[in-house]
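Here are the chains, one letter per residue:
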Amino acid sequence: MAYAWNVKKAVAGNVPMALRDPYSDWERTNRVAGAQTSIVPKPLWQPVYVELAPVGGQTAEAAADALIVAEKTDANDLRFNEDTWWLLDKIRSGDAAAMAALAKAMPRFFVFRPEPVAHEAGIYPFKPLKIGPAIPFAFTDKVEHTDAGWDKPNRWFGESPVFTAVIDDQIGFANARFRQDETTTRIARLWVQGMPFQETFTQAPKQVIGREFLDEEINGLLGSLEFEDDIYRSIYAHGVPDMPPDPILAAQRVRQTNLIDPTHIRPYAFQAGHGTHVLDLAAGYPMENARQDRPILAVQIPTLATAETWGARLDLFVLLGVIRVLHWADTIAEGPDGKPKPMPVVLNISYGISAGPKDGTGFLEAEIRRLVKLRNATVKTVVVLPSGNGYRAHTHASLTVTKATPQSVQQRVQPEDRSVTFTEIWCDAGQGVTLTIMPPVGPASMPIPIDTDGTYNWSRDDITIGRIYVQPHGDTRRQVVFALCPTINYPDPAHCASAGAYTLTLGKTTPGDVTVMVDVQRDDTPSSFPQFGRQAYLDDAFVGVLDPETGNFAAPHATRSNVKWEGTLSAHASAIDDNVIVVGGAYDRHAFSPAALYSASAAMLPRKTPTLSAISEESRAHPGSVASGLFSGSVCTFSGTSMAAPRVARAIVDRMVKGEPYDTAALLTGGQMLAAPDARLGVGIMAFGVEPGRLARRIRG
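Peer 1: Explanation requested: the overall build of the protein chain in the structure shown.
Peer 2: Secondary structure assignment for the protein chain yields 14 helices and 32 strands. Expressed as a percentage of its 701 residues, the buried residues of the protein chain come to 62%. Surface accessibility of the protein chain: about 25000 Å² in total, with carbon and sulfur atoms responsible for 55%.

Peer 1: Is there a simple way to explain the layout of surface pockets in this structure?
Peer 2: Using a probe with the size of a water molecule, rolled over the atoms, empty space left in the structure can be pinpointed. Considered as a void within the structure, the second largest pocket measures approximately 920 Å³ in volume. For the lining of the second largest pocket, the secondary-structure elements that each account for two or more residues are helix 1 (22-33), strand 5 (126-131), helix 11 (312-331), helix 12 (363-375), strand 16 (421-428) and strand 20 (463-473). For the lining of the second largest pocket, a count of residues per class yields 21 nonpolar, 10 polar and 9 charged.

Peer 1: Honestly, the pattern of salt bridges in this entry has me stumped. Any pointers?
Peer 2: Pairing between side chains of opposite charge can happen when the charged atoms of each approach one another. Applying the stated criterion across every chain, the model contains 30 salt bridges. Measuring nitrogen to oxygen at the nearest pair gives 3.3 Å for the salt bridge that ties Asp65 to Arg92. Within this pair, whereas Asp65 is found in helix 2 (residues 60-73), its partner Arg92 is found in helix 3 (residues 82-92), the two being separated by 27 residues in sequence. A residue is classified by how much of its surface remains accessible, and Asp65, at 32% relative accessible area, is partly exposed. Look at Arg92 and you get partly exposed, because its relative accessible area is 30%. For Arg92, the salt bridge goes to Asp89, with nearest N and O atoms at 2.9 Å. In this pair, Arg92 and Asp89 both sit in helix 3, 3 residues apart, roughly one turn of the helix. Residue classification places Asp89 among the buried positions, given a relative accessible area of 17%. One salt-bridge network, in which partners are shared between bridges, spans Glu51, Arg108, Lys127, Glu367 and Arg370.

Peer 1: Mind showing me how you'd approach the sheet that holds strand 24 (residues 537-539) here?
Peer 2: Hydrogen bonds between backbone groups are what pair the strands of a sheet, and the pairing can be parallel or antiparallel. Here we have 5 strands laid out as an open sheet, ordered 18-17-22-15-24, and antiparallel in their pairing. One side of each edge strand has no neighbouring strand; the edge strands of this open sheet are strand 18 (448-449) and strand 24. As defined by bridge partners, strand 15 (residues 407-413) adjoins strand 22 (residues 500-508) across 7 bridges and the pair is classed as antiparallel. Residue pairing in the sheet places Gln411 in a bridge with Tyr502 of strand 22.

Peer 1: Which parts of the structure should I look at to understand the packing of aromatic side chains?
Peer 2: Geometrically, a pair of aromatic rings is defined through the distance of the ring centres and the angle of the planes. Applying the stated rule across the entire model yields 11 aromatic pairs. Ring centres of Trp5 and Trp458 lie 4.6 Å apart, and the angle between their planes is 25°; on these two criteria the pair is classed as stacked. With Trp5 in strand 1 (residues 3-7) and Trp458 in strand 19 (residues 454-460), this pair connects stretches of sequence that are 453 residues apart. When sorted by exposure, Trp5 lands in the same class as Trp458, which is buried. Centroid distance Phe173 to Phe213: 6.4 Å. Interplanar angle 20°. Geometry classified as stacked.

Peer 1: Explanation requested: the side chain of Ser445 in the structure shown.
Peer 2: With respect to the helices and strands, the residue Ser445 is situated in the loop between strand 17 (433-438) and strand 18. The residues touching Ser445, leaving out its near neighbours within four places in the chain, are Trp5, Leu435, Thr436 and Ile437.

Peer 1: What exactly am I supposed to notice about a nonpolar patch on the surface here?
Peer 2: On the surface, Val545, Leu546 and Phe553 cluster together to form a nonpolar patch covering roughly 300 Å² of accessible area. Topologically, Phe553 is positioned in strand 26 (residues 553-556). With a relative accessible area of 63%, Phe553 lands in the exposed category.

Peer 1: Looking at this structure, how should I read the sheet that holds strand 19?
Peer 2: Spatially, 7 strands are ordered 1-19-20-21-16-23-14 in an open sheet, and the strand pairing comes out antiparallel. Pairing within the sheet leaves two strands with one partner each, and these edge strands are strand 1 and strand 14 (396-402). Taken pair by pair, the neighbouring strands of this sheet meet at an average axis angle of 15°, ignoring direction. Here 8 bridges tie strand 20 to strand 21 (residues 477-484), and the two strands are oriented antiparallel to one another.

Peer 1: It is not clear to me how unusual backbone geometry should be interpreted in this structure. Could you clarify?
Peer 2: One can expect most non-glycine residues to show negative phi and most peptide bonds to be in trans. Positive phi, normally seen in glycine, also occurs at His394, with a value near 60°. Summarising the element assignment, His394 is placed in the loop between strand 13 (381-386) and strand 14. The phi dihedral of Asp461 is positive, around 50°, even though this residue is not glycine. Its place among the elements puts Asp461 in the loop between strand 19 and strand 20.

Peer 1: How should the environment of Ala665 be read in this particular structure?
Peer 2: Along the chain, the position of Ala665 falls in helix 14 (residues 664-667). The spacing of Ala665 and Leu612 is 53 residues in sequence and 9.9 Å in space, taken between C-alpha atoms.

Peer 1: Would you mind showing me how to read the packing of helix 9 (residues 274-283) against helix 13 (residues 641-658) here?
Peer 2: Relative orientation and spacing of two packed helices are given, respectively, by the angle between their axes and the distance between those axes. Two elements in contact, helix 9 and helix 13, have axes whose closest approach is 7 Å; the angle formed by their N-to-C orientations is 30°. With respect to each other, helix 9 and helix 13 are oriented roughly parallel. Classified by chirality, the crossing of helix 13 by helix 9 is right-handed. On helix 13, the residues that touch His274, His277, Val278, Asp280, Leu281, Ala282 and Ala283 of helix 9 are Ser642, Met643, Pro646, Arg647 and Arg650. Of the residues belonging to the contact of helix 9 with helix 13, the class tally is 6 nonpolar, 3 polar and 3 charged.

Peer 1: Looking at this structure, how should I read the environment of Ser601?
Peer 2: Inspection of the secondary structure assignment puts Ser601 in the loop between strand 27 (580-587) and strand 28 (612-617). Sequence-distant contacts of Ser601, that is, excluding residues within four places in its chain, are made with Tyr391, Trp565, Glu566, Gly567, Thr568, Leu569, Ala679 and Arg680.

Peer 1: I would appreciate a short explanation of the packing of helix 2 against helix 3 in the present structure.
Peer 2: With their axes 8 Å apart at the nearest point, helix 2 and helix 3 run at an angle of 135° to one another. By the angle between their axes, helix 2 is oblique relative to helix 3. Handedness of the crossing formed by helix 2 with helix 3: left-handed. Only Leu88, Asp89, Ile91 and Arg92 of helix 3 make contact with helix 2, whose side of the interface consists of Ala60, Glu61, Ala64, Asp65, Leu67 and Ile68.

Peer 1: Just to check I follow, could you spell out the pairing of strand 10 (residues 211-214) for this structure?
Peer 2: A regular strand carries its side chains on alternate faces of the sheet. Both faces of strand 10 are covered, namely the face carrying Arg211 and Phe213 and the face carrying Glu212 and Leu214. Of the strand pairs in this sheet, strand 9 (residues 187-192) and strand 10 are connected by 4 bridges, and their pairing is antiparallel. Considered in strand 10, the bridge of Val192 is made with Arg211.

Analysis parameters
- Starting afresh in each chain, residues are numbered from 1 along the sequence in its written order.
- In view of the model being predicted, local features appear only for residues whose pLDDT reaches at least 70, and side-chain atom pairs are presented and counted only at 80 or more, with totals across whole chains, interfaces and linings using the full set of residues.
- Side-chain metrics in this entry use all non-hydrogen atoms of the structure; hydrogen atoms and water are not considered.
- To qualify as a helix, a DSSP run of H or I must reach at least 4 residues; to qualify as a strand, a run of E must reach at least 2; elements of each kind are numbered from the N terminus.
- Only protein chains enter the calculation, and the probe is 1.4 Å; a residue is then buried if its accessible area is under 20% of its type maximum, exposed if over 50%, and partly exposed in between.
- Here the open area of atoms and residues is found with the Shrake-Rupley method and a 1.4 Å probe, where only the protein chains shown may cover a residue.
- Put simply, the grid is 1 Å and covers the protein atoms alone, a cavity is a trapped set of points that fit a 1.4 Å probe, a pocket is an open set with protein on both sides within 12 Å along at least five of seven lines, and lining residues have an atom within 4 Å of a point.
- Grid points are joined across faces, edges and corners, and a volume is the space filled by probe spheres set on the points.
- Each residue receives one of three labels: charged for Asp, Glu, Lys and Arg, nonpolar for Ala, Val, Leu, Ile, Met, Phe, Trp, Tyr, Cys and Pro, and polar for the others, Gly being one of them.
- Any Lys or Arg side-chain nitrogen found within 4 Å of a carboxyl oxygen on Asp or Glu counts as a salt bridge.
- Paired strands are those between which DSSP finds at least two bridges.
- Only centres within 6.5 Å qualify two rings of Phe, Tyr or Trp (six-membered ring in Trp) as a pair; their planes then separate them into stacked at under 30 degrees, edge-to-face at over 60, and tilted for everything else.
- Note on contacts: a residue pair is in contact if any heavy atoms of the two residues lie within 4.5 Å.
- The residues that make up patches have over 30% relative accessible area and no salt bridge, and they are joined within 9 Å when like-charged or within 5 Å when they are Val, Leu, Ile, Met, Phe, Trp or Tyr.
- Axes, fitted as lines to C-alpha atoms, cover a helix only where it is in contact. Angles between the N-to-C directions of the axes lie from 0 to 180 degrees.
- Orientation categories follow fixed angle ranges, with anything under 35 degrees roughly parallel, anything over 145 roughly antiparallel, 65 to 115 roughly perpendicular, and all other angles oblique.
- Helix crossings are classified by the rotation of the near helix relative to the far one: an anticlockwise turn of less than a right angle makes the crossing left-handed, while a clockwise turn makes it right-handed.

Right, here's the structure in full:
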């Protein structure tokens, strides 16, 4: 076999360098090459996040009107989801609130465009900011936009409502923990992003992707169907199907069928639902409590975004959800004048990724911070995020490189990994840094200058099996993304990379030293899915020190190893804002450190610590957190900082409703305030409270 490296080109296709997304490009390269494309509907539509950009002396009103006209007439070139249509309609009509928002910042919104034209510039009065991977199940028929359901206030929210919002997967919306009574839900709005549109339900408007349910529709289901599984069967295209027993077919189905026919639970997880568990921790109450002051907003992301853990699609689905949640919070509660009244909202997003700039400038974290900051100028808005679970995952390295002392780290790619592998390298611009990759088979790459934009292919017999993307990130940083094909690829065996150690060597051509960060992107199969991805990790000769908490010889040497446990904070959690709360995970009862074994460290990063931490593990003997399973009356456990975050979200909502402060000192009342901020636990550990209707612990006393 002939292996070779070659420079591809500085710009991929018609994609401007500033908009090139390595994850999207690599996904498309592998999808086009694979044999599985026959099951994907055509055309494929890409989500494009844009900013309104009036041209030629246009007013904002004229630019918004031009876009609405174009969307109606350019039937095969442009789509809006309802949030975008609503915003543009308000701007073109001179709505006071929309014009006030314009005074603060030009509005940003999503449009959907076919892949061949998604990167074309200069056609419409907007500036593209981010272009994501194609969404296979995007609704491709023309959508007739309407005000139905969007400006219709609800009246049942109680005297001092604060919305609890969750963006997650597998949300058991019929669960009794989210109801006021047998036939009345507390979920004011639910957006199932991965659900194909069905004419059966027509109260809410059609969506470009997914299906939105109003509370009246959920109430109708609760009142007309006796059992919860019948409710889910009635709305999901094929109910909640099991996965085929053959593991190869099962893996292919996760990759293929669920792309266009996602269901509300993970395969094999009939009693456990991640989103249900998170929502219960954040807002669950016994039905008999009839809480009217705890309304819920829920966005269920598709199986696709959960199964492919590298995050490129996740970013877009989550941001779509954030925009929708804020839109709901602005429009569906009624004020004294009978008009929509923006209401406070606490939004929990229990997801994270391991690679990114980790300085708050990544796409999703920066945009969440911007939106939260804008809305907090008028109404309380809080986003709660987990710190991440990568402390001991060996996915982060920090290398100090000089001209005289190049530094290396090994990226170990596991065999029978059916998912693609991404590794990101970050450093300051203008430092003369070079990258050389020595794969497990074949020749080493040429020294690749990180200060020069470019794309480099790693091929076997002229078939591309890896690619290196070198590009700027802002004005001062450089990003390198090393992408690899799966190490086993049943649908397309030719597009298969070698498992083993890929040695990444960072050199320097100029005087002085520079710190280079290396992060392997999250690549593992989420719990309860059939095995698909296997996490790649970093290694060097100085990994293997005794870990006193686990008893394993797996820790990196504190000073000699380039692999680090510090700096493992989730990239999504790196933004710094008083109303973006980052939560670490802790043990309720412990014999060693109170920090959960996996709870990430923010040391070495601009954000030095999480905001605070909450209990995510009862003890070593009783791991995980107890909360509701998918169906009413069921109980399950999940572990991770994802379970700590909703506890904090709940505490913030409780304090907001009572008109009490929700700063960290208030949240830590009854808990443990640390003597000094900790890189893994923040300023302290919140008390382990008892959620209504459930024991806090599996063992009393």
